Amino acid sequence: PEIRARYGSLAGGVGIALNFLLFLGKLISGLVTGSIAVIADAVNNLSDVASSAITVIGFRFAGRAADKEHPFGHGRVEYLAGLSVSVAILLMGLEIGKSSVQKLFSPAPVEFSWSAIGILAAGVLTKLWMCRFQRTLGKRIDSAAMQATATDSVSDAVSTTVVLASMLVGEFFNCSIDAVAGIVVAVFILKNGWDSAKETLSPLLGRAMDAG
């Protein structure tokens, strides 16, 4: 349990730090360019900060020894943490979809910025690295919560790629697809959130706990 808690704290701490930096960079870029897709992507990273914090808390509770009220330990708290991450993904997907649909019917100009392009590209690479990092740790300790967070990182990488492509298309083809990109991102996030929720619900609804 102590080792699992340390792995969870490490993954959560790295997630909090990197996601907060990505949030700041994308938020500034979104405000400067006026892109709803970039701002939505920034808020998505902010939700990842909260998700990482939930993961840390979940692992710390899961690492507690059995007591009178919980004779089988607190291991299922880890699955609850993973479910919380999934719910956060779903809520963010809905919010992004709502904002993007509003932008679709009330379009506004988007200003192109190479610095924003650089920040988005860095965000994609960072998220891909985080996915590999979280998935590796998750496999070592067989953690559903960490695997759910890794799935979220993949979702973020793809959504940021869509946003990046929409800015390039808008600049070089004079065709604004900012709102459409936001909707695509929302759909992808919702799918990944649902898949992650199913993975964490399975052990909570009756599958036997893994040893260790």
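Right above here is the structure, for reference.
Residues numbered from 1 in each chain as written. Predicted model: local features only at pLDDT ≥ 70, side-chain atom pairs only at ≥ 80, totals over all residues. Heavy atoms only, no water.

**Points about the packing of helix α4 (residues 114–141) against helix α5 (residues 144–172)**
Filter applied, for reference: A fitted line through C-alpha atoms represents every axis, and for helices the fit uses only the stretch in contact; the resulting angles, taken between N-to-C directions, go from 0 to 180 degrees. We count a stretch as a helix when DSSP gives it H or I for four or more residues in a row; a strand needs E for two or more, and each element gets its number in order from the N terminus. Roughly parallel refers to an angle under 35 degrees, roughly antiparallel to one over 145, roughly perpendicular to one between 65 and 115, and oblique to any angle outside these ranges. A crossing counts as left-handed when the near helix is turned anticlockwise from the far one by less than a right angle, and as right-handed when that turn is clockwise.
Where α4 meets α5, the axes come as close as 8 Å, and the angle between the chain directions of the two elements is 165°. Between α4 and α5, the interaxial angle falls into the category roughly antiparallel. Two packed elements cross with a definite hand, and for α4 against α5 that hand is left-handed.

**What about a nonpolar patch on the surface?**
Where we set the bar: The residues that make up patches have over 30% relative accessible area and no salt bridge, and they are joined within 9 Å when like-charged or within 5 Å when they are Val, Leu, Ile, Met, Phe, Trp or Tyr. The protein chains shown are the only cover counted for residues, whose accessible areas, like all others here, come from Shrake-Rupley with a 1.4 Å probe. We define a salt bridge as a contact between a side-chain nitrogen of Lys or Arg and a carboxyl oxygen of Asp or Glu at a distance within 4 Å. When a residue's accessible area, from a 1.4 Å probe over protein chains only, is under 20% of the maximum for its type it is buried; when over 50% it is exposed; and in between it is partly exposed.
Taken together, the side chains of V101, L104, F105, V180 and V184 define a hydrophobic patch exposed on the protein surface, amounting to about 450 Å² of accessible area. Listing elements by their share of the nonpolar patch, those giving two or more residues are α3 (76–105) and α6 (178–204). Broken down by element, the residue count for the nonpolar patch peaks at three residues, all from α3. When you line up the elements, V180 lands in helix α6. Note on V180: relative accessible area 41%, which makes it partly exposed.

**Quick word on the pattern of salt bridges**
Using the criterion set out here, one finds four salt bridges in the structure. Here K127 ties to D48 by a salt bridge, and the two come within 3.1 Å at their closest N and O atoms. Of this pair, K127 sits in helix α4 while D48 is found in helix α2 (residues 36–62), placing the two residues 79 residues apart along the sequence. Take K127 and D48: they sit in the same class, and that class is buried.

**Looking at the layout of surface pockets**
As a reminder, the rule being used: Here a cavity denotes grid points, spaced 1 Å and computed from the protein atoms alone, that fit a 1.4 Å probe unable to get out, and a pocket denotes an open set having protein on both sides within 12 Å along at least 5 of 7 lines; residues with an atom within 4 Å of a point are the lining. Grid points are joined across faces, edges and corners, and a volume is the space filled by probe spheres set on the points.
Taken as a whole, the second largest pocket holds about 220 Å³ of empty space. As for the second largest pocket, its lining consists of 14 residues, and the residues nearest its centre are V110, M167, G170, E171 and S176. At four residues, α5 tops the list of elements feeding residues into the lining of the second largest pocket.

**Observations regarding unusual backbone geometry**
Most peptide bonds take the trans configuration, and most residues that are not glycine carry a negative phi. Look at N174: it is not a glycine, yet its phi comes out positive at around 50°. When you line up the elements, N174 lands in the loop between α5 and α6.

**Here's the deal with the packing of helix α1 (residues 2–33) against α5**
Put simply, the test is: By definition in these notes, contact holds between two residues if any of their heavy atoms fall within 4.5 Å. Side-chain classes are defined by residue name, with Ala, Val, Leu, Ile, Met, Phe, Trp, Tyr, Cys and Pro counting as nonpolar, Asp, Glu, Lys and Arg as charged, and the others, Gly among them, as polar.
Look at α1 against α5: their axes get within 13 Å of each other, and the N-to-C directions meet at 20°. Looking at the two axes, α1 sits roughly parallel to α5. The way α1 lies across α5 gives a crossing that is left-handed. In this structure, α1 contributes Y7, G8, A11, K26 and T33 to the contact, and α5 contributes M146, T160 and M167. The residue makeup of the contact of α1 with α5, split by class, is four nonpolar, three polar and one charged.

**Quick notes on the packing of aromatic side chains**
Where we set the bar: Between rings of Phe, Tyr and Trp, where Trp is taken as its six-membered ring, a pair exists when centres lie within 6.5 Å; planes separated by under 30 degrees are stacked, by over 60 edge-to-face, and by other angles tilted.
Within the structure shown, the criterion is met by five aromatic pairs. Ring plane angle 40° and centroid distance 6.2 Å describe the contact between F20 and F23, whose orientation is recorded as tilted. Note that F20 and F23 are positioned in helix α1 at a spacing of three residues, about one turn of the helix. Under the relative-accessibility criterion, F20 is labelled partly exposed at 40%. Among the residues examined, F23 registers a relative accessible area of 12% and is labelled buried. The interplanar angle of 90° and the centroid separation of 5.0 Å between the aromatic rings of F112 and W114 together place this pair among those described as edge-to-face.

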